[in-house]
Amino acid sequence: MTQLTQTEPEAGDDVVLLTVPADGGYLGVLRTATAGLAARLHFALDEIEDLRIAVDEACAMLLAIAIRGAELECRFAVTDDALTVEVTVATVRGARLPSESSFAWKVLTALTTSASAEANGQYATIRLLTRRTEY
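Residue positions are given per chain, counted from 1 along the sequence in the order it is written. For a predicted model such as this one, the threshold for reporting local features is a pLDDT of at least 70, and the threshold for listing and counting side-chain atom pairs is 80 or more; totals across whole chains, interfaces and linings nevertheless cover every residue. The basis for every side-chain value is the complete set of heavy atoms in the structure, and neither hydrogens nor water enter the calculation.

Looking at an unreviewed UniProt entry, one finds the chain named Anti-sigma regulatory factor and attributed to Actinoplanes siamensis.

## As for the nonpolar core
Applicable threshold: By nonpolar core is meant a set of buried Ala, Val, Leu, Ile, Met, Phe, Trp, Tyr and Cys residues that side-chain atoms within 4.5 Å join together. Accessible area is worked out with a 1.4 Å probe on protein chains only. A residue is then buried under 20% of its type maximum, exposed over 50%, and partly exposed in between. Secondary structure elements follow DSSP: runs of H or I of four or more residues count as helices, runs of E of two or more count as strands, with numbering from the N terminus. The contact criterion used is simple: two residues touch if any of their non-hydrogen atoms lie within 4.5 Å.
In this structure, Leu-30, Leu-62, Leu-72, Phe-76, Leu-83, Leu-108 and Ile-126 are the most contacted members of the largest nonpolar core, which totals 40 residues. If you list the elements that add at least two residues to this core, you get strand E2 (14–21), helix H1 (27–40), helix H2 (45–63), strand E3 (71–78), strand E4 (82–90), helix H3 (103–111) and strand E6 (123–131). Sort the elements by how many residues they give to this core and H2 lands first, with eight residues. If we ignore the near neighbours within four places in the chain, the residues touching Leu-30 are Leu-18, Val-20, Val-55, Cys-59, Leu-72, Cys-74 and Phe-76.

## Section: the packing of H1 against H2
What counts, and what does not: Axes here refer to lines fitted to C-alpha atoms; in helices the fit is confined to the stretch in contact. Angles between the N-to-C directions go from 0 to 180 degrees. Rotating anticlockwise by less than a right angle from the far helix to the near helix defines a left-handed crossing, while the corresponding clockwise rotation defines a right-handed one. Residue type decides the class: Asp, Glu, Lys and Arg count as charged, Ala, Val, Leu, Ile, Met, Phe, Trp, Tyr, Cys and Pro as nonpolar, and the leftover types, Gly among them, as polar.
In the contact formed by H1 and H2, the axes pass within 9 Å of each other and the chain directions differ by 145°. Between H1 and H2 lies a crossing of right-handed hand. On the side of H1, the interface is formed by Leu-27, Leu-30, Arg-31, Thr-32, Thr-34, Ala-35, Ala-38 and Ala-39, while H2 contributes Ile-48, Leu-51, Arg-52, Val-55, Asp-56, Cys-59 and Leu-63. For the contact of H1 with H2, the per-class residue count stands at 10 nonpolar, two polar and three charged.

## Structural notes on the pattern of salt bridges
What counts, and what does not: Salt bridges are counted wherever a side-chain nitrogen of Lys or Arg sits within 4 Å of a carboxyl oxygen of Asp or Glu.
Scanning the model with the defined rule gives six salt bridges in all. The closest approach of N and O atoms between Asp-56 and Arg-31, which form a salt bridge, is 2.6 Å. With Asp-56 in helix H2 and Arg-31 in helix H1, this pair connects stretches of sequence that are 25 residues apart. By relative accessible area, Asp-56 is classed as partly exposed at 28%. Note on Arg-31: relative accessible area 25%, which makes it partly exposed.

Quick look at the structure:
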């Protein structure tokens, strides 16, 4: 089931939660939501595309360690000049995210302002922050 929820904003933030099945067929929904929210912030077209690719890569990393039947929960926090995308999934026991020296991680850090991840044995989260470039 796909679910879209707007939560109470934190001091000046708009927060949107989008939950989709942890299946590659639903990643287009997350990419489209990412692009729409980045466009709302007046990101340049190349910044929007970079962020779409980063979200896709982050989700691919998480899908590889997700339990069967899990859901990807994607939290978008929109501020005046930045978009934070946080994707979380329930993971199989002993799951590990790729190391920060991996190619996948290099892609994330090259396409965003910052990227971080955490895994606690039950859930894994990847957080991407992209600030709009001023022209």
